[in-house]
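Close look at the chain arrangement
What follows is the residue order along each chain.
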Amino acid sequence: MAEQCIFCRIVAGEAPGDIVYQDKDFLAFRDISPQAPIHLLIIPKAHITSLAQLADEQQELAGRLVILAKKLAEKEGITERGYRLVINCGSEGGQLVPHLHLHLIGGRKLGDRLG
Ligand code: AMP
């Protein structure tokens, strides 16, 4: 756990989070400032600063993260309508929280532009 990391603090139960799912490796919670009716953040519990820090050996973790997002989209009832998964990486990628997270966004028609 990184002491100053807000997402690590949510994992540890030291900061509030609207948690929708957790298992031993992952946590999913609602974004505090949602960009759409459904906006979840799905994170590995281990502190990985960004996608750029993900190691080759963490391939399985990365795959499971995406499969979990797919399952949570089903649980939120947006699979048929469609949704978007986003990982921001680094400052120009728009990453504000330095703990790897996958945005699951849906529940409305999303814009065509990605950036
Ligand atoms: P990013 O720009 O990809 O780093 O996204 C960080 C996201 O985390 C933003 O959408 C924020 O609204 C969200 N966020 C920041 N702090 C919290 C928090 N305490 N609980 C839930 N979401 C948060």
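The structure this text deals with has already been given above.
What comes next is a walk through the structure. (Residues numbered from 1 in each chain as written. Predicted model: local features only at pLDDT ≥ 70, side-chain atom pairs only at ≥ 80, totals over all residues. Heavy atoms only, no water.)

1. Observations concerning helix H2 (residues 59–76)
The first and last C-alpha atoms of H2 sit 26 Å apart over 18 residues, in line with the 26 Å expected at 1.5 Å per residue. Residues of H2 that are buried include every one of Leu61, Leu65, Leu68, Ala69, Leu72 and Ala73, and no others. Down the axis of H2, the buried set is contained in an arc of 140 degrees. They therefore lie on one face. Residues Gln59 and Glu60 are exposed on H2 and point more than 90 degrees away from its buried face. (Helix = DSSP H or I, 4+ residues; strand = E, 2+ residues; numbered from the N terminus. Expected span 1.5 Å × (residues − 1). Buried < 20%, exposed > 50% of the residue type's maximum accessible area, 1.4 Å probe, protein only. Arc of directions from axis to C-beta.)

2. A few points about the site of the ligand
The full set close to the ligand counts 16 residues, and Asp31, Gly94, Leu96, His101 and His103 are the nearest of them. Within the backbone of isoleucine 32, a nitrogen or oxygen atom sits 3.1 Å from a nitrogen atom of the ligand. Where the shell around the ligand is concerned, the elements lending two or more residues are helix H1 (6–11) and strand S2 (26–30). For the shell around the ligand, the per-class residue count stands at eight nonpolar, six polar and two charged. (Near = heavy atom within 4 Å. Polar contact = N/O pair within 3.5 Å; in protein donor to acceptor, adjacent residues only side chain to side chain. Nonpolar A, V, L, I, M, F, W, Y, C, P; charged D, E, K, R; others polar.)

3. Comments concerning the nonpolar core
Ranked by size, the top nonpolar core spans 16 residues in total, and within it Ile42, Leu72 and Leu104 carry the most contacts. Looking at this core, the elements with two or more residues in it are S2, strand S3 (38–44), H2 and strand S5 (102–106). Among the elements that take part in this core, H2 stands out by supplying six residues, more than any other. Residues contacting leucine 72, with those up to four places away along its chain left out, are Tyr21, Ala28, Leu40, Ile42 and Leu104. Listed in part, the nine residues of the second largest apolar core include Cys5, Phe7, Phe29 and Leu41. (Core = buried A, V, L, I, M, F, W, Y, C linked by side-chain atoms within 4.5 Å. Contact = heavy atoms within 4.5 Å.)

4. Details of the pattern of salt bridges
Per the stated rule, a full pass over the model turns up seven salt bridges. For aspartate 25, the salt bridge goes to arginine 64, with nearest N and O atoms at 2.7 Å. One end of the pair, aspartate 25, is in the loop between strand S1 (19–22) and S2; the other, arginine 64, is in helix H2, with 39 residues separating them in the sequence. We classify arginine 64 as partly exposed; its relative accessible area is 31%. One salt bridge in this structure joins lysine 109 and aspartate 112, with 4.0 Å as the shortest N-O distance. Across the pair, aspartate 112 and lysine 109 agree in class, each one exposed. Overlapping salt bridges, with partners in common, bring together Asp18, Arg30 and Glu76 in one network. (Salt bridge = Lys/Arg side-chain N within 4 Å of Asp/Glu carboxyl O.)

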